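Observations on chain architecture
This is what each chain is made of:
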Amino acid sequence: MKNYNKMIFVAGHNGMVGSAIYRELKLQGFKNLVTKSKSELDLTSQVDVQNFFKKIKIDEVYLAAAKVGGIYANNNFPANFIYDNLMIQSNVINSAFLSGVKKLLFLGSSCIYPANSTQPMGESSLLTGKLESTNEAYAIAKIAGIKMCESYNRQFSSTHLIDYRSVMPTNLYGPGDNYHENNSHVLPALIKRFYEAKINSVRNVNCWGTGSPFREFLHVDDLADACIFALEKWNTFSENSPRDSEGNILYWLNVGSKEEISIKELAYKIANKVGYKGNISWDISKPDGTPRKKLDISILKNLGWEAKINLDDGIKKTFESYLETIKNKILRE
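Everything numeric here is computed off the predicted structure, so don't read it as measured data.

Attention now goes to the pattern of salt bridges. When the charged atoms of two side chains lie near each other, side chains of opposite charge can form a pair. Counted under the stated rule, the structure contains 15 salt bridges. Between Lys 6 and Glu 60 there is a salt bridge, and its shortest N-O distance comes to 2.7 Å. Of this pair, Lys 6 sits in the segment before strand 1 (7–11) while Glu 60 sits in strand 3 (residues 60–63), placing them 54 residues apart in sequence. Exposure remark for Lys 6: the relative accessible area of 9% places this residue in the buried category. Glu 260 serves as the salt-bridge partner of Arg 292, at 2.6 Å between the closest nitrogen and oxygen. Of this pair, Arg 292 sits in strand 12 (residues 292–293) while Glu 260 is found in strand 10 (residues 260–262), placing the two residues 32 residues apart along the sequence. Judged by its relative accessible area of 31%, Arg 292 falls in the partly exposed class. On the basis of relative accessible area, Glu 260 is assigned to the partly exposed category, the value being 27%. Via salt bridges that share partners, Lys 6, Glu 60 and Glu 232 belong to a single interconnected network.

Next up, the structure:
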């Protein structure tokens, strides 16, 4: 039976993932949600984070706070990505443990898996090969977070009854996404580019790479539902807990959708959704990233969870939220 009165800290509630988790928790009836903006709590400060957990008795944590970005940002600011993420997750996980938090969910990323992993990528692919170079710093930080949760479980689960686990989402999109020209992920970047080309009557839109890589996309509202499902229904230490091919307990699970699409096909799909009628060209001097990234989501499916929002509906909803963002920006100005 769910305890709807427990104190839940959603770290990173202003981000795309954190805000979706917050909305879904509210929707499911959880009443005591704790949030802190970046100006209220600097998660990279060990002292500040420890003091926060000392002041408020937290029961559960959703650790969605992170420094994120697309290929350009990861390529050009690797020091920022590895430092900020290592500090945020280390401070929150350790302070949660010291304050007696029993359950914590860490948000990882599918980029933790090697660039040339067998497709689809299962949880056991972790640390079996070389990472994709364009986001290596971010991936290493996320791997450290996964292993930190695993290490705390291995050392303290029996003595302190903690259960810290991680989920690895595939490529995300949806309300609250980042539409920065250079620092956004591919789907929101394409929405912004094609919409601006439409309203400015631009005849040609030039996209990065060859368009040949395949990607899997998951709507952030589906991820939020999966996160709550994982923390509520997935018992890491039960007899039926997920295990790898060698029988070892799994402390992280993949979260993905059923759909996979090439970047080129995605570009034409988004152009159609926003009403852009011009030409689309491809700059092959720009990097493609990993050729294919498809997650094996069979373990989570066997636990009883599947994505519900298909890509066409998800793009439509995301474009509507993008237009709302533009409208609100104009009103503020």
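Pairing within the open sheet is parallel, and its six strands lie in the order 2-1-3-4-5-9. Each edge of the open sheet is held by one strand with a lone partner, namely strand 2 (32–34) and strand 9 (252–255). Across the sheet, the axes of successive neighbouring strands diverge by a mean angle of 20°, strand direction being ignored. In the packing of helix 5 (residues 136–160) onto the sheet, the strands contacted are strand 4 (103–107), strand 5 (163–169) and strand 9, and the crossing angle to strand 5 comes to about 155°. In this fold helix 7 (residues 220–233) packs onto strand 3, strand 4, strand 5 and strand 9, with an angle of close to 145° to the strand it touches most, strand 4.

Turning our eyes to something else, we now look at helix 1 (residues 16–28). Between its first and last C-alpha atoms helix 1 spans 18 Å; for 13 residues at 1.5 Å apiece the expected length is 18 Å, and the two agree. Among the structural elements, strand 1, strand 2, strand 3, strand 4, strand 6 (171–173) and helix 7 are those in contact with the buried residues of helix 1. In the stretch just after helix 1, Gly 29 is the one whose phi turns positive, near 105°.

With that out of the way, let us pick up the pairing of strand 9. Alternating residues of strand 9 divide into Trp 252 and Asn 254 and Leu 253 and Val 255, and every residue in both groups is buried. Relative to strand 9, strand 5 is paired through four bridges, and the arrangement is parallel. In the strand pairing of strand 9, Met 168 is matched with Asn 254.

Turning next to the nonpolar core. If you look at the biggest cluster of nonpolar residues, it comprises 75 residues, and the most contacted ones within it are Ile 21, Phe 53, Val 61 and Tyr 164. Of the residues forming this core, the biggest block, nine residues, is contributed by helix 7. Setting aside residues no more than four positions away along its own chain, Tyr 164 makes contact with Ile 93, Ala 96, Phe 97, Val 101, Lys 102, Lys 103, Leu 104, Cys 149, Tyr 152, Asn 153 and Tyr 251. Judged by nonpolar contacts, the second largest core, of 25 residues, contains Ile 191, Tyr 195, Val 205 and Val 274.

Attention now moves to a nonpolar patch on the surface. On the surface, a cluster of nonpolar side chains totalling about 270 Å² of accessible area is made up of Tyr 72, Phe 77 and Trp 208. Tracing the backbone shows Phe 77 in the loop between helix 3 (71–76) and helix 4 (78–98). We classify Phe 77 as partly exposed; its relative accessible area is 36%.

This paragraph deals with unusual backbone geometry. With an omega of -10°, the peptide bond between Gln 119 and Pro 120 qualifies as cis. With phi around 60°, Leu 161 is a residue other than glycine that occupies positive phi space. Here Leu 161 is to be found in the loop between helix 5 and strand 5. When its relative accessible area of 62% is taken as the criterion, Leu 161 is described as exposed. Backbone geometry places Ser 201, a non-glycine residue, at a positive phi of 55°. Tracing the backbone shows Ser 201 in the loop between helix 6 (186–199) and strand 7 (204–208).

Conventions we followed
- Residues numbered from 1 in each chain as written.
- Predicted model: local features only at pLDDT ≥ 70, side-chain atom pairs only at ≥ 80, totals over all residues.
- Heavy atoms only, no water.
- Salt bridge = Lys/Arg side-chain N within 4 Å of Asp/Glu carboxyl O.
- Helix = DSSP H or I, 4+ residues; strand = E, 2+ residues; numbered from the N terminus.
- Buried < 20%, exposed > 50% of the residue type's maximum accessible area, 1.4 Å probe, protein only.
- Pairing = 2+ DSSP bridges.
- Axes fitted to C-alpha atoms, helices over the stretch in contact; angles between N-to-C directions.
- Contact = heavy atoms within 4.5 Å.
- Expected span 1.5 Å × (residues − 1).
- Core = buried A, V, L, I, M, F, W, Y, C linked by side-chain atoms within 4.5 Å.
- Patch = residues over 30% accessible without salt bridge, like charges linked within 9 Å, V, L, I, M, F, W, Y side chains within 5 Å.
- Areas by Shrake-Rupley, 256 points an atom, 1.4 Å probe, with all protein chains shown as cover.

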